[in-house]
Amino acid sequence: MTLKELAVRLECRLEGDGTIEITGVAGLEQAAAGDVTFFSNPRYTGALVSTRASAVIAADDAPAAPCAVLRTRHPYLAFAKAVEILAPEVHPAPGVHPLAWIGAGVTLGEGVSIGPFVAVGDGASIGERTVVYPHASIGAGARIGANCVIRARVSVRERVQLGRRVVLQDGAVIGSDGYGFARRPDGTHHKIPQTGAVVIDDDVEVGANVTIDRPAVGETRIGAGTKIDNLVQIAHGVQIGRDVLIAAQTGIAGSTVIEDRVTIGGQVGIAGHITVGRGSTLAGQSGVTNSVDPGTFVTGYPAIPNREWLKASTVFKKLPELRRTVADLERRIAELEAALARRPMP
């Protein structure tokens, strides 16, 4: 496709030769003739100046480049769309592989692709154009919407509900048993049956080896547009709102509510039965033990507002010096008290 055609599809303003043929996408340093790249971080200005790409997607106020430029207010988003256009994902052809097992009463929509060694339980439903890759397991009574992608070795347990355009990356487990046990009088534990539902709304992406547990009663729900990174644990009864971002190795304990458009950094631990307010941000490796107000940025363990944490971390670095100062003051006070005690009374 020509650069002019790409500019029209990306709704970008073209600076340069629109007749250039664009055949691929690449990073600033790896790009070659025929590639389009993107620039959004001033730290990479040097790479921009020396790029060999045929064109670069950049912000309206970005510096000049040694090639054609596609100007836009949102260069990273435009680049993502360019990747979709120039390097589209190829899925298997529709149909059920002869090595797949399809249970009784299963409903398959038009254009569904079922790979080898897939098992689909009785009464499950899979929507139009959904792709299920090899070795995935779909439980009895599961409901999967249209245009979903279920990668290899994914387990969608019984009665789980997926909306439209849901992506489950390799090894994700949706609807596993919640961690619930009742203590017996003798100190041993009796398993609480986990019979509730897991509901994942439209346009959610779930990373590799994520686990989303079902509760004993009620449901665990993931709101529309939420994106979950690899190796995340979401416990039973958790309610996650719309357009939430959750980075890798985060753990969310049971019955917690994450409201819309929350951003959660990597390795965050969130206690159970609390609420994380709309639009808040949890910095990486934070330990969230109490509810977080909407729009708050918290850091540390226990998590506190980021500004307070920055002040506290500054003090923390000075603790050895403060300890020496306090010890010196204690010594001097003791010496003064001893001197006063030796003075004769008037």
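See above for the structure.
Residues numbered from 1 in each chain as written. Predicted model: local features only at pLDDT ≥ 70, side-chain atom pairs only at ≥ 80, totals over all residues. Heavy atoms only, no water.

Caption draft 1: Structural context of the packing of aromatic side chains. Counted by the stated rule, this structure contains three aromatic pairs. Ring geometry for phenylalanine 38 versus tyrosine 76: centroids 5.3 Å apart, planes at 40 degrees, classification tilted. Highlighted residues: phenylalanine 38 in strand 3 (residues 35-39) and tyrosine 76 in helix 3 (residues 75-86), separated in sequence by 38 residues. Ring plane angle 75 degrees and centroid distance 5.3 Å describe the contact between tyrosine 179 and phenylalanine 181, whose orientation is recorded as edge-to-face. The class for phenylalanine 181 is partly exposed, based on a relative accessible area of 41%. Counting every residue linked through ring pairs, the aromatic cluster contains Phe38, Tyr76 and Phe79. (Phe/Tyr/Trp six-rings, centres within 6.5 Å; stacked < 30°, edge-to-face > 60°. Helix = DSSP H or I, 4+ residues; strand = E, 2+ residues; numbered from the N terminus. Buried < 20%, exposed > 50% of the residue type's maximum accessible area, 1.4 Å probe, protein only.)

Caption draft 2: Layout of the pattern of salt bridges. Here the structure, examined in full by the defined rule, presents 18 salt bridges. Between aspartate 60 and arginine 13 there is a salt bridge; the shortest N-O distance is 3.8 Å. Taken together, the positions of aspartate 60 in the loop between strand 4 (55-59) and strand 5 (68-72) and arginine 13 in strand 1 (residues 13-15) put the pair 47 residues apart, joining distant regions of the chain. Residue class for arginine 13 comes out partly exposed when judged on its relative accessible area of 43%. A salt bridge links arginine 71 to glutamate 15; the shortest N-O distance between them is 3.3 Å. Taken as a pair, arginine 71 in strand 5 and glutamate 15 in strand 1 lie far apart in primary sequence, 56 residues in all. (Salt bridge = Lys/Arg side-chain N within 4 Å of Asp/Glu carboxyl O.)

Caption draft 3: Structural view of the sheet that holds strand 36 (residues 287-288). With respect to topology, 10 strands assemble into an open sheet ordered 7-10-13-16-19-24-27-30-33-36, the strand pairing being parallel. Both edges of this open sheet fall to strand 7 (101-102) and strand 36, since each of them pairs with a single strand only. Note: strand 33 (residues 269-270) against strand 36, two bridges, orientation parallel. Opposite isoleucine 270, over in strand 36, you have valine 288 as the bridge partner. (Pairing = 2+ DSSP bridges.)

These figures capture arrangement, not role.
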